[in-house]
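Chain residues, written in single-letter form:
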Amino acid sequence: MSIILGINCFHADSSACIFVNNQLVAAVEEERLNRIKHFAGLPVQSIEYCLSKLNCDKSLVQNIAINSNPISNFGSKVSYSLKNPFTLQNKLKNFFNRQSLKLNIGEKLKKNFGLTNFKIHRVDHHLSHIASSYYACEFEECLAVSIDGFGDFASINIAKIDNGIIKVLDKVVFPNSLGVFYEGITQYLGFPNYGDEYKMMGLAAFGKPKRYEELKKILFRNTHDITKMNLKFFNHQTNSFVYNFVGTPKQSELLNDNFDKNFNLKRKKDEAIHQDHKDLAASAQKLFEEIVFDILKKYQKISKNLILSGGCAMNSVANGKLVKQDLFQNIFIPYAPGDGGGSIGAAAQVSFKLNKSKPKFVENPYLGPSFNDDEIKEDIKNNINENEKFNIIKNENEESMVKNLSKLLSEGKVVGYFQDNMEFGSRALGNRSILCDPRIEKIDEYLNLKIKRRESFRPFAPSIIESEVENWFEQKHSSPYMSFVLDVKETKRTTIPAVTHFNGTGRLQTVSEKLNKKYYDLIKEFYKITNVPILLNTSFNENEPIVCSPNDALKCFLRTNMDVLCLQNFIIVRKT
């Protein structure tokens, strides 16, 4: 029996997964279990969950895959250190602090989990990203591009893959980074938390790229060549820069005072957002897109198939515009292209190496904990009594639940929807979602203010039956993991205003019977009632990690203004 435990540890979005006989069996991010957003550390509860899925003795876990390798890009590290001796001390301190934690992981695994005889495989950070995408797609050969802030001293890796053989063609190393540029502008615009880049991406739709030329001129010394960043405006290469990789990830400001002298727009977290901020966001988004497209055009002839990974592959606006560019015949992005998915990528790469064949089931994102009716009933009992405030309906079967819930949705109810195994990755894909009717004018404003309690400019995603995409969107493209923002057809925008962003776009999730039958059936039933094959889908949370357990869901339901909570076949309706 072949068992491989994959771990992303002491990095943001710590996670674990497990492969058994070359098949992905389980995976979960630690934040969902310990409720600390983007948790960075050892994913203790995630590892425990994955080990609990084994139907054998834990001693059979003989391979541990970790998505980082301290000797990756060693020559580049030495070269940089020799050229920059004044920054060497801080860089070495950060490096050895992190590596001391990771090097001790063998002892931690033995002590905390009773694992005994195992080998640790260190897989390069970007190779792990690439593997998480390649083993989930249908392509045998493709161009693979991984872009993020930094991992193992690199920010971009470009590779050609043929029948599982990954050949790195080029890379960009420290201190140049497209991810650092984008995150730096995000911080500057008053979104300081790790992972806030999607906020700037949403804000950009409300602006004009008026500062694009200025940004390009001062931040990139050679037009917009990512390998020629103007470090005069950045802090990440200095001695004083600090990155915390234990607990809640946090780092110093990436842009320095020299940048603010040019723009004078620095916004504090709770300050009002002005048009100038929106225009700067639009300018940064445009520059980001052009750099990405320039990279891809350079390597376009490698393959008609493209896979993207790394945190920057989360930029669904750029991904949607890439579809329109028509540079590639097929484009694939996995459900967890960022650091959380690194555990899956590292383990998949080791599984391929040991089993000599492509791992199975990697395309399925529904890999987390599930709960049975008895557990759900107990949590309902502990949180809610059927009284003058709530009606509790126990449906006899899935078909009955789908019919009842689709009717409630068609009546304008906001529904917390909790089903089966929790999805992996940062996006709710129909098993831990808040759902409502996309036809309702201004429901998006209500959701942002009263339920999600977040910025008013943030859009909501349309979950659409896959076969209906061409009838509602200008571009026909598969998007099962909400990876692409596409143009809603102009004739349909007034029909689905709640999921049509300010600029006429939507970040769609294409839903298929194969990948999620229950969610597909719900949308199909809603379609029968309304003639609209779409539901508004947003993550089931309120300024916290997406809910994992029925108890998490109940608590979120009770402290917000959701109308209905569906816990598998239990439907709880708040009385008006």
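We now turn to the structure provided with this report. Remember, predicted model here, so these are calculated numbers, not experimental data. (Residues numbered from 1 in each chain as written. Predicted model: local features only at pLDDT ≥ 70, side-chain atom pairs only at ≥ 80, totals over all residues. Heavy atoms only, no water.)

### Concerning the overall build of the protein chain
The cut-off we apply is this: Secondary structure is summarised from DSSP: a helix means a run of H or I of at least four residues, a strand means a run of E of at least two, and numbering begins at the N terminus for each. Throughout, radius of gyration means the C-alpha value; the globule benchmark is 2.2 Å times the number of residues raised to the power 0.38. The classification of residues rests on relative accessible area computed with a 1.4 Å probe and restricted to protein chains. Under 20% of the type maximum is buried, over 50% is exposed, and intermediate values are partly exposed. By definition, residues are in contact when any of their heavy atoms lie within 4.5 Å. The accessible surface values rely on the Shrake-Rupley method and a 1.4 Å probe; as for residues, cover is taken only from the protein chains in view. Under this rule, positive means Lys or Arg and negative means Asp or Glu; His and the chain ends count for nothing. Where a charge lies is defined by one atom per residue type, namely NZ (Lys), CZ (Arg), CG (Asp) and CD (Glu).
The helix and strand tally for the protein chain stands at 19 helices and 21 strands. Over its C-alpha trace the protein chain gives a radius of gyration of 23 Å, about what one expects of a compact globule, namely 25 Å for 576 residues. Principal-axis analysis of the C-alpha atoms places the extent of the protein chain at approximately 70 × 60 × 45 Å. Within the protein chain, the fraction of its 576 residues that count as buried is 61%. Of the contacts made within the protein chain by residues no fewer than 6 positions apart, 71% connect residues no fewer than 24 positions apart. A total of about 23,400 Å² of accessible surface is found on the protein chain, and carbon and sulfur atoms cover 48% of it. Of note, the protein chain has its 76 positive side-chain charges centred 4 Å away from the centre of its 65 negative side-chain charges.

### A few points about the side chain of Ser-128
Mapping Ser-128 onto the fold places it in helix H6 (residues 125-134). Under the relative-accessibility criterion, Ser-128 is labelled buried at 0%.

### Brief notes about the pattern of salt bridges
Stated formally: By convention in these notes, a salt bridge is any Lys or Arg side-chain nitrogen within 4 Å of a carboxyl oxygen on Asp or Glu.
This structure, assessed with the given rule, holds 25 salt bridges. For Lys-110, the salt bridge is made with Glu-107, and the minimal N-O distance between the two is 3.9 Å. Remark: Glu-107 and Lys-110 occur in helix H5 (residues 105-113); sequence separation between them is 3 residues, near one turn of the helix. Relative accessible area serves as the criterion here: at 39%, Lys-110 is assigned to the partly exposed category.

### Things to note about the packing of helix H15 (residues 398-410) against helix H18 (residues 517-530)
The test is simple: Interaxial angles span 0 to 180 degrees and are taken between N-to-C directions of axes, which are lines fitted to C-alpha atoms, for helices over the stretch in contact. Small angles under 35 degrees read as roughly parallel and large ones over 145 as roughly antiparallel, with 65 to 115 read as roughly perpendicular and the rest as oblique. For any pair of crossing helices, the crossing counts as left-handed if the nearer helix is rotated counterclockwise from the farther one by less than a right angle, and right-handed if it is rotated clockwise. Following the grouping adopted for this structure description, the nonpolar residues are Ala, Val, Leu, Ile, Met, Phe, Trp, Tyr, Cys and Pro, the charged ones are Asp, Glu, Lys and Arg, and the polar ones are all others, Gly among them.
For the pair H15 and H18, interaxial distance at closest approach is 9 Å and the crossing angle is 50 degrees. As summarised for this structure, H15 and H18 are arranged oblique, according to the angle between their axes. When you trace H15 past H18, the crossing you get is right-handed. Across from Glu-398, Met-401, Val-402, Lys-403, Leu-405, Ser-406, Lys-407, Leu-409 and Ser-410 in H15, the residues of H18 making contact are Lys-518, Asp-521, Leu-522, Glu-525, Phe-526, Ile-529 and Thr-530. Here the contact of H15 with H18 is built from residues that sort into 7 nonpolar, 3 polar and 6 charged.

### Regarding the side chain of Thr-560
On the secondary structure map, Thr-560 appears in the loop between helix H19 (550-559) and strand E20 (564-567). When near neighbours in sequence (up to four residues on either side) are disregarded, Thr-560 contacts Lys-450, Ile-451, Arg-453, Glu-542 and Arg-574.

### Let's talk about the pairing of strand E18 (residues 505-511)
Put simply, the rule is: We call two strands paired when DSSP finds no fewer than two bridges between them.
Here E18 lies mainly inside the structure; 6 of its 7 residues are buried. Pairing of strand E16 (residues 461-465) with E18 involves 3 bridges; the strand directions are parallel. Across the sheet, Ser-463 pairs through a bridge with Gln-509, a residue of E18.

### What about the nonpolar core?
Heads up, the condition is: Nonpolar cores were defined as sets of buried Ala, Val, Leu, Ile, Met, Phe, Trp, Tyr and Cys residues, with membership established by side-chain atoms within 4.5 Å.
Counting 144 residues, the largest nonpolar core has Phe-181, Ile-185, Leu-219, Phe-259, Leu-405 and Leu-567 as the members making the most contacts within it. By residue number, the principal contributor to this core is helix H11 (residues 275-298), which donates 11 residues. Those residues in contact with Ile-185 that lie beyond four places of it in its chain are Met-200, Leu-215, Leu-219, Leu-255, Phe-259, Leu-280 and Ala-284. Counting 37 residues, the second-largest nonpolar core is a separate cluster that includes Tyr-335, Ala-336, Ala-347 and Leu-367.

### A word on the environment of Lys-476
Among the secondary structure elements, Lys-476 is positioned in the loop between helix H17 (469-472) and strand E17 (484-487). Not counting the four nearest positions on each side in its chain, Lys-476 is found in contact with Val-469 and Glu-470.

### Section: a nonpolar patch on the surface
As a reminder, the rule being used: In this analysis, a patch consists of residues with relative accessible area above 30% that form no salt bridge, clustered at 9 Å for like charges and at 5 Å for the nonpolar side chains Val, Leu, Ile, Met, Phe, Trp and Tyr.
A surface patch of nonpolar side chains, amounting to about 440 Å² of accessible area, comprises Ile-71, Phe-74, Val-78 and Leu-82. With respect to the element layout, Ile-71 can be found in the loop between strand E4 (63-66) and helix H3 (74-83).

### Some points on the sheet that holds E16
Sheets are built from strands that pair by backbone hydrogen bonding, the pairs being arranged parallel or antiparallel. Spatially, E13-E21-E20-E14-E15-E19-E16-E18-E17 is the arrangement adopted by the 9 strands of the open sheet, whose pairing is mixed. Whereas interior strands pair on both sides, the edge strands pair on one side only; in this sheet they are strand E13 (390-394) and E17. For this sheet, the mean inter-axis angle between neighbouring strands, taken without regard to orientation, is 35 degrees. Of the strand pairs in this sheet, strand E14 (residues 415-418) and strand E15 (residues 432-436) are connected by 4 bridges, and their pairing is antiparallel. Each bridged residue has a counterpart across the sheet, and for Tyr-417 the counterpart in E15 is Ser-433. Strand contacts of H15: E14, E15, strand E19 (534-539), E20 and strand E21 (570-574), with the helix running at about 25 degrees to E21, the strand carrying the most contacts. Relative to the sheet, H19 contacts E13, E14, E20 and E21, its axis offset from that of E20 by approximately 175 degrees.

### A word on helix H14 (residues 373-383)
Since one α-helical turn is 3.6 residues long, residues separated by three or four positions face the same way. The line we're drawing: In this description, one arc is meant: the one made by directions from the helix axis to the C-beta atoms. In protein, a polar contact means a hydrogen-donor-capable atom and an acceptor-capable atom, both N or O and within 3.5 Å, with residues adjacent in sequence counting only if both atoms are side-chain atoms; elsewhere, any N or O pair within 3.5 Å suffices.
Considered for burial, the residues of H14 that qualify are Ile-376, Asp-379 and Ile-380. Angularly, the buried residues of H14 cover 100 degrees about the axis, an arc narrow enough to put them on a single face. Facing away from the buried side of H14, by more than 90 degrees, are the exposed residues Asp-374, Lys-381 and Asn-382. Residues of H14 that are buried sit in contact with E13, H19, E20 and E21. N-cap assignment for H14: the residue whose side-chain oxygen lies 3.1 Å from the backbone N of Asp-374 is Asn-372.

### Looking at the sheet that holds strand E5 (residues 119-122)
With mixed pairing, the 5 strands of this open sheet are ordered in space as E3-E2-E1-E4-E5. Single-partner strands in this sheet number two, and they are strand E3 (23-29) and E5. Strand-to-strand twist across the sheet, computed as the mean angle between neighbouring axes with direction ignored, equals 20 degrees. Across 4 bridges, E4 lies against E5 in parallel orientation. Across the sheet, Ile-66 pairs through a bridge with Arg-122, a residue of E5. Across the sheet, helix H13 (residues 342-355) lies against strand E1 (3-8), strand E2 (15-20), E3, E4 and E5, angled at about 25 degrees from E2, the strand it touches most.

Coordinates in, geometry out; function isn't part of it.
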